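Architecture and fold: a report
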Amino acid sequence: MIKNRAYTLRRLDASLLALGIALSAALPAAAQTTTPPAAADGALEEIIVTGFRASLNSALNLKRNEAAAVDAIVAEDIGKFPDSNLAESMQRVPGVALARGDGGEGRNISVRGLGAGFTRVRVNGMEGTSQTGSSDIYGAGNAGRSFDFNVFSTEIFSALAVRKTPSADVEEGSLGATVDLNAPKPFDFRQDSVLSATAKGVYNGVSKKVDPRGSVLVSQKFGDEGQFGVLGSLSYQQRNIREVGYSAVDLLSANANGLFCAPIGVTPVYPVVSAAKGTTDTMCSTNNPRTGTLAAWNTIQGLRRADLPNTPGSGAFLPRLPRYLNSTQDQERVGASLTFQYKPDEDTDISIDTLYSRFDVTRRDNYIAAVSFARSITNNGQPMVSVRDIQFDQNGSLVYGLFDGVDVRSEGLVDHFVSSFKQANLDFEHRFSDAFQVSGLVGFNRSELDGKRRFQTFMDAIDTDNFSIDFRDGGTTPKLGFGFDVSNPANFTYAPAQADGTVLGGFSPQGRPLLQRTDNLTTELNFAWTVSEGFTLKTGGQFRESDYNVTSVREYPADVAVRALPAGNNLSSITKTIGGLDGLWGDNAPKSWAAIDPAKFADLFNTGAIRTCDYTCGGVNSRVRERVKGGYLMGTFDLYNALDLPVRGDAGVRYVKTDMLASGYIAVAPPAGTTSPTNLIGRFSEAKNSYDDWLPSANVVYEATDDVLLRLSGAKVLARPELGVLTPTSGVNPVTRIGNVNNPFLDPIRANTFDVAAEWYFRPGSLLSVAYFHKDIKSFIQSVSSQVPFSDLGLPEALLAGSNTVASEIFTVSRPFNTPGGPLKGFEINAQIPFSFLDGVWSNFGVLANYTRVTSKINYILASAGGVPTVTTTADLIGLSKNTMSGTLYYEDEDFSIRTTANYRDRFIRGIPASPGSDLQGNAPTLYVDAAASYNVTPEIKLILEAQNLTDEQNRLYIDSKRQDTLFETRIGRTITAGVNVRF
């Protein structure tokens, strides 16, 4: 029996047309010779593509024959995916937008405006999850259903498919798309023996290092008639990433932390005279004179938000932690697959597929920052800072500021985590007769994020003068001037905090180790009965279990107290230099700075002896177990032979019942000075939830002519809540009186979807298409902030220990709720045009292009009281880019292939709400340009050259839709890869 597989690819590039022609015209031209894939009944039996153009044709054949809307990507050759990252490949599919993580590497995707949490991923036919870590600005660790594609090496997969419309025989759980990742099997190839090996060197312009990447694939068929096959693949990559740039963390109005120190002569004196703080009529704090100007003071006082007209400074916005950053990563990515396949005849296919991936990352972040703007009077922060000069634009964004009495911090963070994925599944199919067949799958996979270490160190320089923030050159990131030599460790301090609240350095293990694990079990059995020519009845059942566990720890307070440097040591003994920054920022910016060396620090203070504990002293253990039972009944039809109607498709219904059990411990911090647990401090909680759904769906294809297809699809769909918010855990900060409470009783997000499309296959390998889609999202899940007395939260009062906060005080608590959704609609335009109709060298060119426009209208509840919304807003769905487009220009002949691709993603919202005075956090538009070339030295040897981010694009995150103040912007540089592939 032939097993259906979805393969398609989309690409385009209009902007680099001239560049591609110039590069290609000088190269030898000949007729392209590829072996076209064998297609029958909409299926591909063998992966025999030999180039980029052939992979496009393979994908197009399937798209044309599928009833549902399916786009896919096929490997160009054995072990050679079109891109070095799976997510980066998918951004060429119409409607798919890429979300990048650390180092600019593709991490996950959104489809038709619906973010990663709305997309399901199946690996070799089985639902899987993939969780990894990242810097905090990119969401830190993935604690939900979102799939992080950067865990996997592309070399272990042969194809991926993006299914945008559902069918009853495909598992539920997606509002956006279902993505299938398929590893190769022995019978995918015509040859009995296959060997392919690739070796590459990868160079990055910022890290200035060359890293190795390699893979090997071996396939062999055995038996008298070759009925048994074994395939194994192995890939390995090292990568050294470096990012440099600017971070603000947040933007706060000047009143948020208590304004600034008033200049001499302003009455009343601010901050007020205090012997404990050293504040007088002439001093902001001890040894910190008032140097501010009246003009600067009045400028800040006069800026007020419309919602706070009586609050001075409420309309003056400044970076919370203005800082330069240097981030490096050492990555090791290992991937492997092993498949045993038994195919004694065309009616039987049995295989055991195993897959393994391991992503080992050590990230080192270093910052040089002004921390006073993030501090209140409690620890001598912003109210002790004098403002000598300041300018704002018409929206209240800072343009220039010059400050005295600023606390400067050199901070370092080491984060070591390992993401792994393991899967084994048995997949079988057997045709008992021409009319009846059965298939099934049994499998298990585990995704694990092991946070081995996350260690923060910092040293401070107190009350420094001449600190400046300068946006006057019109750029999106400022020039920071620190007013002293930050490369000299003698200008910093490391010691216990002073009695007046002055912080002089410190460290934190930040709750590591942490283990996050998701186990998935799937069993399914499917039957197909051909009732008559052109009509097949399908039915089947499935059981899935997902078990999500998180274990984190806390440290004993006595073990993490800041201690003075031992006698005979100074900061020079435990610091290093962060350098190599010449030319990356302005002339006033530091070319290097001093930072604590974590290894030297660990040796000096023996941080390896820090003790940790689980929920018994404040850690967290939580679990979500989800069991899904489902069944479906579906008919597929082709009315051409029976009724002479050019209509085909499928229609059916799927029933699913979901049972969820969640448990967890509410963490309670141990009292200060605790050195060992004496009793259970954590509190156990458990919750159950259950719901069921009937999900009808239909896909109809009308073949208007031999070359024109019209598609119509409709369905009910659902996406389940993120796993992390279902745990019955909570936490509060008694000092800031802010908290969060999870909700295990959330219902899924449900929607009705409608799709219509027209496709014109006007020449072999060519396509022009347009598609319209509409999703009526019935419900949504939002985190809503409410003002609630602590006593009404049902939490133990032990959480308030040592904070001078009483249970009757009001807390701002964020809780997830099901809220009304809203409509989402859009259209896609897609073109795939090889220039085979031209003469000579021009016939070897081709272009791919796609454009997607999506709009939505979601009502967000920003705050509520007593369950009644008090503050609302309407905005796009989080993660939705209104406009996305991709373009590729390629040239390919018998020996040579070259292509260049540009991918554009419009701005999108990352979070609602943002901090007070700002309505959202967003991501600015991006345009990434890549290129790839290869040359066949012989039929067995191919040279490869690839380039990513040719224009040195920088990703920028911002806050507030009107001001668009920069939160984060880094440079990742260009990446060049050169290598050789050998195949037999």
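Structure: above.
Residues numbered from 1 in each chain as written. Predicted model: local features only at pLDDT ≥ 70, side-chain atom pairs only at ≥ 80, totals over all residues. Heavy atoms only, no water.

Enumeration over the complete set of coordinates arrives at 29 aromatic pairs. Summarising the aromatic geometry, the rings of F507 and F601 are spaced 5.6 Å apart at their centres and angled 55 degrees between planes, so their arrangement reads as tilted. Residue F507 is located in strand β25 (residues 506–508), and its partner F601 is located in helix α5 (residues 598–605); the two are separated by 94 residues in the primary sequence. An identical accessibility class is assigned to F507 and F601; each is buried. Linked through ring pairs, F260, Y324, F373, F403, F467 and F482 together constitute an aromatic cluster. Over the ring of F52 we find R899; its NZ or CZ atom is 4.4 Å from the centre of that ring. Over the face of the ring belonging to F317 we find R963, whose NZ or CZ atom lies 3.7 Å from the ring centre. (Phe/Tyr/Trp six-rings, centres within 6.5 Å; stacked < 30°, edge-to-face > 60°. Helix = DSSP H or I, 4+ residues; strand = E, 2+ residues; numbered from the N terminus. Buried < 20%, exposed > 50% of the residue type's maximum accessible area, 1.4 Å probe, protein only. Lys NZ or Arg CZ within 6 Å of the ring centre and 35° of its normal.)

Side chains that are three or four residues apart share a direction in an α-helix, a result of its 3.6 residues per turn. Looking only at α5, the buried set comprises P598, F601, A602 and F605. Buried residues of α5, viewed axially, fall in a sector of 100 degrees; they line one side. Tucked into the core, α5 has its buried residues touching β21 (406–431), β22 (436–464), β25, β29 (575–578) and β30 (593–596). The residue sitting at the N-terminus of α5 and contributing the capping side-chain oxygen is D597; that oxygen lies 2.9 Å from the backbone nitrogen of A599. After α5 finishes, the residue N606 shows a positive phi value of roughly 50 degrees. (Arc of directions from axis to C-beta. Contact = heavy atoms within 4.5 Å. Polar contact = N/O pair within 3.5 Å; in protein donor to acceptor, adjacent residues only side chain to side chain.)

With that settled, the discussion passes to a nonpolar patch on the surface. On the surface, F222, F228, L338, F340, Y342, I350, I352, L426 and V442 cluster together to form a nonpolar patch covering roughly 710 Å² of accessible area. Per-element tally for the nonpolar patch: the top contributor is strand β17 (residues 323–345), with three residues. Turning to its location among the elements, Y342 is positioned in strand β17. Overall, the relative accessible area of 37% leaves Y342 in the partly exposed class. (Patch = residues over 30% accessible without salt bridge, like charges linked within 9 Å, V, L, I, M, F, W, Y side chains within 5 Å. Areas by Shrake-Rupley, 256 points an atom, 1.4 Å probe, with all protein chains shown as cover. Salt bridge = Lys/Arg side-chain N within 4 Å of Asp/Glu carboxyl O.)

Evaluation of the coordinates by the stated rule reveals one disulfide. Disulfide pairing is shown between C261 and C284; the S-S distance is 2.1 Å. Taking the torsion about the sulfur-sulfur bond, which here is approximately -95 degrees, the covalent link between C261 and C284 counts as left-handed. A residue pair is termed long-range when its members are at least 10 positions apart, and C261 in the loop between β13 (251–253) and β14 (283–285) and C284 in strand β14 qualify at 23 residues. (Disulfide = S-S within 2.5 Å.)

Let us look at the pattern of salt bridges. Side chains that differ in charge, positive against negative, can pair when their charged atoms come close. With the rule as written, the count across this model stands at 47 salt bridges. Across the salt bridge formed by D148 and R107, the nearest N and O atoms sit 3.1 Å from each other. Taken together, the residues span a long stretch of sequence, with D148 in the loop between β7 (126–128) and β8 (159–163) and R107 in strand β5 (residues 106–111) at a distance of 41 residues. We note that D148, like R107, is buried. The partner of E171 in a salt bridge is R122, and the shortest N-O contact between them spans 2.5 Å. Of this pair, E171 sits in the loop between β8 and β9 (177–182) while R122 sits in strand β6 (residues 119–123), and the two are 49 residues apart along the sequence. The same class applies to E171 and to R122, which are both buried.

As far as function goes, none of this settles anything; it's purely spatial.
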